Amino acid sequence: MIYEYLVIAGYFSLVVGIGFAFKKMAAKSTSDYFRGGGRMLWWMVGSTAFMMQFSAWTFTGAAGKAFTDGFAVSLVFFANTFAYFCGWAWFAHRFRQMRVDTPTQAIRRRFGNQNELFFSVALIIFSYINAGIWLNALGVFSSAVFEADIVYTIIATGLAVLFVSVLSGAWGVVASDFVQTLVVAIVSVACAIVALVKVGGPVELVTNFPTDFVMGPDMNYPLLLVGTFVFFLAKQMITIMNMHDSFRFLNARDSDHARKASLFAMVLMGIGSIIWFIPPWASAILYPDAAAAYSGLGNKAADAVYLVFARNAMPVGTVGLLLAGLFAASMSSMDSALNKNAGIVVRSLYQPFLERRKKEVSDKHLLRVSMIFSFFSGLIVIAMALFFKSLKEFSLFDLMMSISAMIQVPILIPLILGLIIKRTPVWAPWVTVIVGLCVSWFMFNMSAAEYVTDWMGLGALTSRETTDMNLMLTLAAQVFVTAGFFCSTVIFYREKNDGHRQNTDHFFADLETPVIADAEQDGYDRQQRQKLGSMVMYMGTGLLFMMLIPNPGWGRLMFGLCAIAILTIGWLLKRGARDHGAALSH
């Protein structure tokens, strides 16, 4: 176990180094702190967009679902891939062209001050809930690794995440996301290759899966799986391509890099949708009792299946690398949430409050307030994670899907449709959210699955079918009723009563006007390549040292190949910085 601790210690040293390396770049202004001043290259922005959809939940809750149900879990991630394709095609560059520092400033430009205040409060509360789930997922896995109390694990990991977010703002968040993408890629590919070798290849993986690989157990109606996937496409589009989550692309240096970033995230997500789940699928064959290995986790026991695989099938040191990947995934989600919330509070609540009282404050003061708020936000997220820890009757997969469908989707529907539908009354966005929450309450309490199965004359549903049916019906109700309500508000729009019309027209004009990088951008490009190249080289060197861990020859070779791949990427980045500097000097 000492080697696992050394690997994790090395990873945290790297994370701290990233925080300090980008501290100065984030300390120039609040714009730099919240979104890197809109100076980031496409591969950095694409990494953070990808990592925001890849939390520790992927290695825990989603892996547990893959272990029990087979291929079906990949449908959620294919829906993410589709959303990023739509981002490349239409949304991503328009987000960058909104010309704001925070998402709620975009809401103000589109819908006015009243809606900015409403959504600021609603989105901050939901961010706390979401980040709490992510941190809880990390705590579940970490406590199993260290055989430690999950409460202390959540607190310790939460404080570590908090450090990077407060210290270096968006620059540190996005830079760490890029490095963390590499960590996740290494762990995922290495585990997938070993898993395929152990089960005899992809054909054997599918044919020897304990239940039907595509349908999974307790699923008698293929149409239900298809229907769930169709509404997952709509759900993931709503939850990824909206004004609130536009902060990913506000970081990009220009419109073209925003589009490239979404394309990069799409490719990573598409490949990962299969690779991530090969080890849990293989574990269902190799270690059918894996879900019983950590029975103390209650109904979340299957969520530790990745750990079972790493401990039984992988060389010594992989568990530490896997846990580093989990820290990476959770940190990318949580620190982005903290940084985003700080921007919302300072730009949409605190600064307007001071302006109403005719108080002038410096940008440096706002920057300090942002850091203080990030710190206290982190403490709130830790408290939320501890609350979710107590809900042992829910699996992490079901918890995540239920909260997203019932709370997140209603809040975000106006924030995606508002980019497409121009003439809506000022009350339409916040009333739509209320309608959507009422729809969620109604669907939760009416036992919709029972009514539909009786109406269609179907037999009794299994527990899995009931869960999927309720989720599908909730999403369908949000798409047709809630989104339909927002669209229908156009009939109540009266131009003469619209005091915000001029601002709306300017917003839509900017939405179609490309952002082009200025002359100062070249210096930022070189710094990004240089700093990240160094960090990646340090990580590659650490992997090289992992070859010294007592392992079979194939295990040492695996770490060596991973190190070579990482060192090559670091070398290319540093070479790019030198070539870029040489070009500028000429």
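Quick look at the structure, then. The structure displayed is predicted, hence computed values, not measured ones.

With that settled, consider the overall build of the chain. Per the secondary structure count, the chain includes 25 helices and 0 strands. Residue burial in the chain is summarised as follows: out of 586 residues, 61% are buried. A separation of at least 24 residues holds for 87% of the contacts in the chain among residues at least 6 apart in sequence. When the accessible surface of the chain is totalled, it reaches about 22,400 Å², and 66% of it is carbon and sulfur.

Within the structure shown, the criterion is met by 15 salt bridges. With a shortest N-O distance of 3.4 Å, Asp 256 and Lys 260 are connected by a salt bridge. Linking Asp 256 with Lys 260, this pair stays in helix 14 (residues 255-275), spanning 4 residues, or about one helical turn. Owing to a relative accessible area of 42%, Asp 256 belongs among the partly exposed residues under this scheme. Notably, a salt bridge pairs Asp 505 with Lys 422, separated by 3.2 Å at the nearest N-O pair. With Asp 505 in helix 23 (residues 501-511) and Lys 422 in the loop between helix 19 (396-417) and helix 20 (428-445), this pair connects stretches of sequence that are 83 residues apart.

Scanning the model with the defined rule gives 22 aromatic pairs in all. Residues Phe 71 and Phe 213 carry aromatic rings whose centres are separated by 6.1 Å and whose planes lie at 45 degrees to one another, so their mutual orientation is tilted. Taken together, the positions of Phe 71 in the loop between helix 6 (61-69) and helix 7 (74-96) and Phe 213 in the loop between helix 11 (202-207) and helix 12 (222-240) put the pair 142 residues apart, joining distant regions of the chain. Measuring from centroid to centroid gives 6.2 Å for Phe 277 and Trp 281, while their planes differ by 45 degrees, and the two rings are tilted. Taken together, the ring pairs in this structure connect Phe 50, Phe 71, Phe 77, Phe 78, Phe 209, Phe 213, Trp 276, Phe 277 and Trp 281 into an aromatic cluster.

A few words on the nonpolar core. In terms of nonpolar packing, the biggest core is built from 160 residues, with Tyr 84, Met 98, Met 241, Met 243, Phe 249 and Leu 532 touching the most fellow members. Ranked by the residues each element gives to this core, the list is headed by helix 10 (residues 150-199), at 18 residues. In this structure, Tyr 33, Val 346, Leu 366 and Val 369 belong to the second largest nonpolar core, which totals 7 residues.

There is a patch of nonpolar side chains on the surface, built from Tyr 152, Ile 155, Leu 159, Ile 372, Phe 375, Phe 376 and Leu 379 and spanning about 680 Å² of accessible area. Every element with two or more residues in the nonpolar patch is listed here: helix 10 and helix 18 (363-389). Per-element accounting of the nonpolar patch gives the leading share, 4 residues, to helix 18. A residue is classified by how much of its surface remains accessible, and Phe 376, at 49% relative accessible area, is partly exposed.

This part is about the packing of helix 15 (residues 278-286) against helix 16 (residues 305-313). Helix 16 packs onto helix 15 with a crossing angle of 75 degrees between their chain directions and a minimal axis gap of 9 Å. Taken as axis vectors, helix 15 and helix 16 run roughly perpendicular relative to one another. Of the residues in helix 16, those touching helix 15 at Pro 279, Pro 280 and Ser 283 are Val 305, Tyr 306 and Phe 309. Here the contact of helix 15 with helix 16 is built from residues that sort into 5 nonpolar, 1 polar and no charged.

Before going further, it helps to examine the state of the cysteines. Scanning the entire structure with this criterion turns up 0 disulfides. No disulfide involves Cys 191; its sulfur sits 9.5 Å from the nearest other cysteine sulfur, which is in Cys 562. Classification of Cys 191 as buried rests on a relative accessible area of 0%. For Cys 562, a relative accessible area of 14% gives the class buried.

Here we take up unusual backbone geometry. The backbone of Arg 99 shows a phi angle near 60 degrees, a positive value even though the residue is not glycine. Examined against the element boundaries, Arg 99 turns out to sit in the loop between helix 7 and helix 8 (103-111). Its relative accessible area of 36% is what places Arg 99 among the partly exposed residues. Notably, Asp 218 is not glycine yet its phi reads approximately 55 degrees, a positive angle. For Asp 218, the position within the fold is in the loop between helix 11 and helix 12.

Locating Ala 9 in the fold gives a position in helix 1 (residues 2-21). A residue is classified by how much of its surface remains accessible, and Ala 9, at 42% relative accessible area, is partly exposed. Counting along the chain gives 311 residues from Ala 9 to Gly 320, while the straight-line C-alpha distance between them is 9.1 Å.

What follows concerns the side chain of Ser 273. Looking at the secondary structure, you find Ser 273 in helix 14. Judged by relative accessible area, Ser 273 falls into the buried class, the value being 0%. A distance of 2.6 Å separates a polar atom in the side chain of Ser 273 from the backbone oxygen of Met 269. Among residues more than four places away in sequence, those in contact with Ser 273 are Ser 74, Phe 77, Phe 78 and Thr 81.

By secondary structure assignment, the location of Gly 317 is in the loop between helix 16 and helix 17 (318-356). If we skip the residues at most four places from it in the chain, Gly 317 touches Glu 4, Val 7, Met 546, Ile 549 and Phe 559.

Inspection of the secondary structure assignment puts Glu 204 in helix 11. In contact with Glu 204, other than residues within four places in its own chain, are Val 199, Phe 209 and Ile 285.

Quick look at the side chain of Arg 39 now. In this structure, Arg 39 sits in the loop between helix 3 (30-35) and helix 4 (42-52). Arg 39 gets classed as buried once you look at its relative accessible area, which sits at 13%. Beyond its immediate sequence surroundings of up to four residues, Arg 39 is in contact with Trp 171, Asn 251, Ala 252, Arg 253, Asp 518, Glu 520, Gln 521, Tyr 524, Asp 525 and Gln 528.

Cut-off values and rules
- Residues numbered from 1 in each chain as written.
- Predicted model: local features only at pLDDT ≥ 70, side-chain atom pairs only at ≥ 80, totals over all residues.
- Heavy atoms only, no water.
- Helix = DSSP H or I, 4+ residues; strand = E, 2+ residues; numbered from the N terminus.
- Buried < 20%, exposed > 50% of the residue type's maximum accessible area, 1.4 Å probe, protein only.
- Contact = heavy atoms within 4.5 Å.
- Areas by Shrake-Rupley, 256 points an atom, 1.4 Å probe, with all protein chains shown as cover.
- Salt bridge = Lys/Arg side-chain N within 4 Å of Asp/Glu carboxyl O.
- Phe/Tyr/Trp six-rings, centres within 6.5 Å; stacked < 30°, edge-to-face > 60°.
- Core = buried A, V, L, I, M, F, W, Y, C linked by side-chain atoms within 4.5 Å.
- Patch = residues over 30% accessible without salt bridge, like charges linked within 9 Å, V, L, I, M, F, W, Y side chains within 5 Å.
- Axes fitted to C-alpha atoms, helices over the stretch in contact; angles between N-to-C directions.
- Parallel < 35°, antiparallel > 145°, perpendicular 65-115°, else oblique.
- Nonpolar A, V, L, I, M, F, W, Y, C, P; charged D, E, K, R; others polar.
- Disulfide = S-S within 2.5 Å.
- Polar contact = N/O pair within 3.5 Å; in protein donor to acceptor, adjacent residues only side chain to side chain.

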